[in-house]
Each structure stands twice: as structure tokens, then as C-alpha cells.
Amino acid sequence: MGQSKKVHSSAALQLCNPAAVNLCPIAVFDSGVGGLSVLRHIRAELPHEQLIYLADQANVPYGSRSLAEIQAFSEGITHFLLQLNAKLVVVACNTASGAALTHLRQTFPDVPFVGMEPAVKPAAAQTKRGKVGVLATAGTFQSQRYEALMARFAQGVLVFEDSCQGLVALIENGQTKSAETERLLRACVEPMLAKGVDTLVLGCTHYPFVRPLLTKIVGPDVTIIDPAPAVARQIKRVLQQRGLSAPAGKMRVVRAFTTGEAGRLAGFARQMLTSPLAVETAVWQNDKLYTR
Ligand code: DGL
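Description of the structure in this document. (Residues numbered from 1 in each chain as written. Predicted model: local features only at pLDDT ≥ 70, side-chain atom pairs only at ≥ 80, totals over all residues. Heavy atoms only, no water.)

Brief notes about the layout of surface pockets
Then, in step 1: Computed from the structure, the largest pocket encloses a volume of approximately 530 Å³.
Then, in step 2: Elements with a minimum of two residues in the lining of the largest pocket: α3 (94-107), β4 (113-114), α4 (120-126), α6 (144-153) and α10 (228-241).
Then, in step 3: The element contributing the most residues to the lining of the largest pocket is α10, with five residues.
Then, in step 4: Class assignment for the residues of the lining of the largest pocket results in 13 nonpolar, three polar and seven charged. (1 Å grid on protein atoms, 1.4 Å probe; cavity = no way out; pocket = protein on both sides within 12 Å on 5 of 7 lines; lining within 4 Å. Points joined across faces, edges and corners; volume = space filled by probe spheres on them. Helix = DSSP H or I, 4+ residues; strand = E, 2+ residues; numbered from the N terminus. Nonpolar A, V, L, I, M, F, W, Y, C, P; charged D, E, K, R; others polar.)

Here's the deal with the site of the ligand
Then, in step 1: Close contacts around the ligand come from 14 residues, with S31, Y62, T95, T205 and H206 the closest.
Then, in step 2: At 2.6 Å, a backbone N or O of Y62 approaches an oxygen atom of the ligand.
Then, in step 3: Measuring from an oxygen atom of the ligand, one finds a backbone N or O atom of N94 at 2.8 Å.
Then, in step 4: Relative to its unbound accessible surface of 300 Å², the ligand loses 99% to contact with the protein.
Then, in step 5: Taken together, the residues of the shell around the ligand break down into six nonpolar, seven polar and one charged. (Near = heavy atom within 4 Å. Polar contact = N/O pair within 3.5 Å; in protein donor to acceptor, adjacent residues only side chain to side chain. Areas by Shrake-Rupley, 256 points an atom, 1.4 Å probe, with all protein chains shown as cover.)

Description of helix α1 (residues 36-45)
Then, in step 1: Regarding α1, the residues found buried are L36, S37, V38, L39, I42 and R43.
Then, in step 2: Among the structural elements, β1 (26-30), β2 (51-55), β3 (88-91), α10, β9 (254-258) and α11 (262-272) are those in contact with the buried residues of α1. (Buried < 20%, exposed > 50% of the residue type's maximum accessible area, 1.4 Å probe, protein only. Contact = heavy atoms within 4.5 Å.)

What to know about the sheet that holds β4
The strands that make up a sheet are held in pairs by hydrogen bonds between backbone atoms, and each pair lies either parallel or antiparallel.
Then, in step 1: The sheet built from seven strands is open, its strands ordered β4-β3-β1-β2-β9-β10-β11 with mixed pairing. Edge positions in the sheet fall to β4 and β11 (288-291), since each has one partner strand and no second.
Then, in step 2: Looking at chain direction, strand β10 (residues 279-285) and β11 are connected through four bridges and run antiparallel. In the strand pairing of β11, Q285 is matched with K288. (Pairing = 2+ DSSP bridges.)

Some thoughts on α11
Then, in step 1: All of the buried residues in α11 are L265, A266, F268 and A269. Seen end-on, α11 carries its buried residues on one side only, within an arc spanning 160°. Away from its buried face, by an angle of more than 90 degrees, α11 presents the exposed residues G263 and R270.
Then, in step 2: Those residues of α11 that are buried are in contact with α1, β2, α7 (167-172), β9 and β10. (Arc of directions from axis to C-beta.)

Description of the pattern of salt bridges
Then, in step 1: Enumeration over the complete set of coordinates arrives at eight salt bridges.
Then, in step 2: Here E49 and K87 are joined by a salt bridge, their closest N and O atoms 2.7 Å apart. Here the residue E49 occupies a position in the loop between α1 and β2, and K87 occupies one in the loop between α2 (67-83) and β3, the gap between them amounting to 38 residues.
Then, in step 3: Using a relative accessible area of 4% as the deciding quantity, one classes K87 as buried.
Then, in step 4: Across the pair E182 and R186 runs a salt bridge, and its minimum N-O distance is 2.9 Å. Here the residue E182 and the residue R186 both occupy positions in helix α8 (residues 179-194), the gap between them amounting to four residues, near one helical turn.
Then, in step 5: Because the salt bridges share partners, they merge into one network encompassing E182, R186, E190 and K216. (Salt bridge = Lys/Arg side-chain N within 4 Å of Asp/Glu carboxyl O.)

Some details on the nonpolar core
Then, in step 1: Core analysis: the biggest nonpolar cluster contains 58 residues, and I26, L36, I42, L135, L200, Y207 and I235 have the highest contact counts within it.
Then, in step 2: The dominant element in this core, judged by the number of residues it contributes, is α10, at six residues.
Then, in step 3: In this structure, L200 is in contact with G133, L135, V189, M192, L214, V218, V222, T223, I224 and I225, ignoring residues within four places of it in sequence.
Then, in step 4: Listed in part, the 27 residues of the second largest apolar core include F29, I77, V91 and L101. (Core = buried A, V, L, I, M, F, W, Y, C linked by side-chain atoms within 4.5 Å.)

Here's the deal with the packing of aromatic side chains
Then, in step 1: Scanning all chains against the criterion turns up six aromatic pairs.
Then, in step 2: Geometrically, the ring pair formed by F73 and W284 is tilted, given 5.8 Å between the ring centres and 50° between the ring planes. Highlighted residues: F73 in helix α2 and W284 in strand β10, separated in sequence by 211 residues.
Then, in step 3: We classify F73 as buried; its relative accessible area is 12%.
Then, in step 4: An aromatic cluster is defined as three or more aromatic residues linked by ring pairs; in this entry it consists of Y62, F73 and W284. (Phe/Tyr/Trp six-rings, centres within 6.5 Å; stacked < 30°, edge-to-face > 60°.)

Concerning empty space enclosed by the protein
Then, in step 1: Across all of its chains, the model carries one cavity of 30 Å³ or more by this definition.
Then, in step 2: Its boundaries defined by the atoms lining it, the largest cavity holds a volume of some 50 Å³.
Then, in step 3: Every residue lining the largest cavity is listed: N94, G98, M116, E117, P118, T140, S143, R145, Y146 and L149.
Then, in step 4: Sorting elements by how many residues they give to the lining of the largest cavity places α6 first, with three residues.

Side note on the packing of α8 against helix α9 (residues 211-218)
Then, in step 1: α9 packs onto α8 with a crossing angle of 45° between their chain directions and a minimal axis gap of 10 Å. In terms of orientation, α8 and α9 fall into the oblique class. Crossing handedness for the pair α8 and α9: right-handed. Two secondary-structure elements touch here, α8 through T181, E182, L185, R186, V189, E190 and L193 and α9 through L213, L214, K216, I217 and V218.
Then, in step 2: The residue makeup of the contact of α8 with α9, split by class, is seven nonpolar, one polar and four charged. (Axes fitted to C-alpha atoms, helices over the stretch in contact; angles between N-to-C directions. Parallel < 35°, antiparallel > 145°, perpendicular 65-115°, else oblique. Left-handed = near helix turned anticlockwise from the far one by under 90°.)

Okay, structure coming up:
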């Protein structure tokens, strides 16, 4: 599909009503359940904001897909979220941020986007031995954004990378504590530990869901960094700077969609989140998403 030349102004889209823009939702998307690990921090940081979550489970995993595919998915999803009046879009996926964030900002110049990136900067600042491990998808490691991040912040630090092939699929299946997941995690992380890594970056939003298992494997001396709390604070700052924050009031609901099976996403949320999620289905048709 390649780089799209289309540019969408807010006037051309059914964007948030300008008179009540503060009341419009923040939209969060990921290839699957991973973005829920970001959503829970957004919920904690911004309890008065209404949230929309979209999991593209018909197309998960994104990690092994082409740049063009991920850009097309991200563009279709953004369209869908803007039709639902999103005032800000969170790309709660490192892989989609690496492949499509620049493309999205060019395509939707009026829309505020917040993306994810592996927390190499804080890891490089914190490591005592100068050895950092990064767990992310193959797509994230191959992205220009990651290359730029490394060039900027990882000078003088040894970085060990692993894409933990198959881990996203296990987490999507709800296997956050299984023996198979533990075996896979050990295979990714133990070689890094043997090299003396003392700081580990969770560079995929699915991975915080296996953090308890990871902590058991790496022990108390290795610092694990999940950028989600910092991303939630960044969203708060962007809303404040643009005058888009919702007024304080009652706790707002989350509206969730999946392009896969609604029951599966709801089941995962029941297992991993503190409050249940009512999930609706969205359907892809010719690069566009529709509610069922
Ligand atoms: N959750 C996504 C990320 O943060 C990737 C999972 C996938 O491969 O789809 O990179």
C-alpha cells in the first residue's frame, strides 16, 4: 500500500464537537490485548476521562507484518476512532508507533497522537553496569524510530535485544503464567542475565502482563521498566496544554471494541484488569472499520 498521500483535516472528518471537545473520549489502540496494560495507567492517571479501546485482534500479531500493512491498519483504525469523536489517539503499541506514528501525524495533522517507544533513555540513565536488555517485537527493532532512539540515548551502554518470538500469541491466549510462557521467557532473558544485564525494558505493551513471571525469573536485582505510567502522564500533559482535559466529575466508562472475538477480549480483561470490560465488535471492510 505504501506511503499514503491523503491528508485528512478535522473539517473533513466527523470530529469531536468543538463546543464540547473536553467531554470527548481519548481513544487507545493496539494489535490486541497489549494496549490494556497502558489503558489501566491512563484510567488511574485520568479517572474523569471517557476512554475508547480498540484491539485489532483480527490482525494480531503486528510484530512480523510489513510497514505498509501496519500503516494501513493504523490509518483505518484512526479513522474509526475519529468517527467515534476521539479528541486524542494513543498508539498503545510499540510496533505500530515504530511503523506508523509519523505516517499518522502526516495523514491527520489536526489530531493529537501519543505513541509508545521502548524506554531505552531511562534504562540507559539507570543501569549501573552499563548493560541493558530490551524485549520488543521484530518490527520494533527494525524500525527507524528504534534506530534513532538507540543512536540518541544508548551511547556507551551495551544493549541486548530479544524479540521473544511467540510471546505475544501466548499472552493473547491468556497464558500469562503457564509453564510454556515461563520456558519462552527464560529462553529470552537468561542469556541477557548471563551477560550481566541489570535493567530490562518492556518494549512491547503485551509484556507487562507477564511481569510477575519475569520478576520471578530475573530476581530482585534487575530493574524492569514499563513506560506506560510515563505515557499516561504525557497524555495528561498534552490534554492540559491543548485545553482538552475533561472536567472533574464522575468516573467515566471505557467503551471497548475488537476486530476479533468480543468474548475473548472481555475474558482477558476479566482475568487481568480490576474492572470488567463490555466489548463490541468492529469489522474490517476494504481497509475501513465499521461497528457491527
Ligand atoms: N503490543 C504490541 C507492541 O507494543 C505488539 C504486539 C504484536 O506483535 O502485535 O509492540
